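Okay, here's what each chain looks like letter by letter:
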Amino acid sequence: MTGPGDLDGEPDRLAAALLDDEDDRLLAEIARLYERIDPMPADLVDRIGFMLTLADMEIELARLIVESRVPVGARGEERARTVTFSSDSLTVMVTITPTADSECRIDGWIAPGAAIRVELRSDRGNHDVIADVDGRFDFSDVPSGLVQLVFHPTADVEVQLRSPVVTPAVQV
Amino acid sequence: MLASATQQVLWRNVAKLPERCQQLLRVVAFAERPDYGALSVALGMPVGSIGPTRGRCLAKLRTMLSADPEWSS
């Protein structure tokens, strides 16, 4: 089998061209093929859709490195989740605490700390906050669903990002 | 059982691709295309400077299919 690096000139040119109608037909056929032989989980496309959109921009992708659940409240029934993301430029620890029905609060801490602009993206829209100088930020009343954080290059702060840092989509 | 001869030929060729390509094509086939017009407005970039290229996996599949005498599409 030929590896991706072993293609000669013609496939290279084919690969660099924009998608055309025949690609669309082929992809539709591939979708039908996989629907038939192996349907995929319902939310996978949503997750990947985020990523594909972002892949077309200049971004730095943060990886999810740790996820844990800790009991909160006296009865310990509600569980907060702590999720840590890491990229070359930043590490971000995020705590997601359920509040009202189908809502939660997100507390984050960026390291190294700086007053970076943080964007929360979800299918309900996007929302911006500025972290404090220690890199702490929060979003309240976040509806349940897939969300994603984007850390934007921000002028005149101690940590200068070269490109936005984006987390994978997580379910809150 | 695959529905049609077309799908059988397609599957036979897809199965010859590297595993990574198979996964990628599967994901791309189901993902909704980003709205490149809206994206370019949001980013302040001219349309055409961003856009989906075919990529090596799809290019390889098309090359294989065009060499397969049983493929007619």
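An account of the accompanying structure is given in this report. On a predicted model such as this, the values are computed, not experimentally measured, just so you know. (Residues numbered from 1 in each chain as written. Chains lettered and ligands numbered in written order. Predicted model: local features only at pLDDT ≥ 70, side-chain atom pairs only at ≥ 80, totals over all residues. Heavy atoms only, no water.)

### Let's talk about the overall build of chain B
Where we set the bar: Think of it this way: any DSSP run of H or I at least four residues long counts as a helix, any run of E at least two long counts as a strand, and we number them from the N terminus. Three exposure classes are used, based on accessible area relative to the maximum for each residue type with a 1.4 Å probe and protein chains only: buried under 20%, partly exposed in between, and exposed over 50%. Contact criterion: two residues are considered in contact whenever any of their non-hydrogen atoms come within 4.5 Å of each other. All accessible-area figures derive from a Shrake-Rupley calculation using a 1.4 Å probe, and residue coverage is judged against the displayed protein chains alone.
Scanning chain B for helices and strands turns up 4 helices and 0 strands. Traced from its N-terminal end to its C-terminal end, chain B shows the element sequence α-α-α-α. Residues counted as buried form 41% of the 73 residues belonging to chain B. Considering only intrachain contacts with a sequence separation of at least 6, the fraction spanning at least 24 residues in chain B is 66%. Accessible area of chain B: about 4,000 Å², with a carbon and sulfur share of 57%.

### A look at the pairing of strand 7 (residues 125-130) of chain A
All names here are of chain A. For clarity, the threshold we go by: Being paired, for any two strands, means DSSP has found at least two bridges between them.
Pairing of strand 6 (residues 117-122) with strand 7, which is carried by 6 bridges, proceeds in the antiparallel orientation. Among the inter-strand pairings, R117 is bridged to a residue of strand 7, identified as I130. Where strand 6 hands over to strand 7, the hairpin turn is made up of 2 residues, counted between the paired strands.

### With respect to the pattern of salt bridges
Quick note on the threshold: One speaks of a salt bridge when a side-chain nitrogen belonging to Lys or Arg is within 4 Å of a carboxyl oxygen belonging to Asp or Glu.
The tally for this structure, following the rule as stated, stands at 9 salt bridges over all chains. Ionic pairing is found between R32 of chain A and E29 of chain A, a salt bridge with its closest N-O pair at 2.8 Å. A residue pair is termed a helical-turn pair when its members lie 3 or 4 positions apart in one helix, as R32 of chain A and E29 of chain A do in helix 2 (residues 21-37) at 3 residues. The exposure class assigned to E29 of chain A is buried, which follows from its relative accessible area of 16%. For R12 of chain B, the salt bridge identified is with E70 of chain B, shortest N-O distance 3.7 Å. Residue R12 of chain B is located in helix 1 (residues 5-14), and its partner E70 of chain B is located in the segment after helix 4 (55-66); the two are separated by 58 residues in the primary sequence.

### With respect to the packing of helix 2 of chain A against helix 4 of chain B
Stated precisely, the cut-off is as follows: Angles shown run from 0 to 180 degrees and are taken between the N-to-C directions of axes, each axis being a line fitted to C-alpha atoms and, for helices, limited to the stretch in contact. Orientation labels follow simple angle bins: below 35 degrees gives roughly parallel, above 145 gives roughly antiparallel, 65 to 115 gives roughly perpendicular, and whatever is left gives oblique. By the convention adopted, Pro, Cys, Tyr, Trp, Phe, Met, Ile, Leu, Val and Ala count as nonpolar, Lys, Arg, Asp and Glu as charged, and the other residues, Gly among them, as polar.
Between helix 2 of chain A and helix 4 of chain B, the shortest axis-to-axis distance is 12 Å and the interhelical angle comes to 90 degrees. On the basis of their axis angle, the class for helix 2 of chain A and helix 4 of chain B is roughly perpendicular. When helix 2 of chain A is examined against helix 4 of chain B, the residues E22, D23, L26, L27 and I30 of chain A are found in contact with a partner set consisting of L58, L61, R62 and L65 of chain B. Here the residues of the contact of helix 2 of chain A with helix 4 of chain B are counted per class, giving 6 nonpolar, no polar and 3 charged.

### Section: empty space enclosed by the protein
Residues and elements named next belong to chain A. Basically, it comes down to this: A 1.4 Å probe that fits into a set of points on a 1 Å grid over the protein atoms alone but cannot get out defines a cavity; an open set with protein on both sides within 12 Å along at least five of seven lines defines a pocket, and lining residues are those with an atom within 4 Å of a point. Grid points are joined across faces, edges and corners, and a volume is the space filled by probe spheres set on the points.
A full pass over the atoms with the stated rule returns 1 cavity of 30 Å³ or more. When its volume is computed, the largest cavity comes out at roughly 40 Å³. F85, V94, I96, I106, V147, Q148, L149, T167, P168 and V170 are the residues that line the largest cavity. Listing elements by their share of the lining of the largest cavity, those giving two or more residues are strand 4 (91-98) and strand 9 (146-152). Examining the composition of the lining of the largest cavity, we find that 3 residues originate from one element, strand 9, more than from any other.

Honestly, that's just the spatial picture; any functional story needs more than this.
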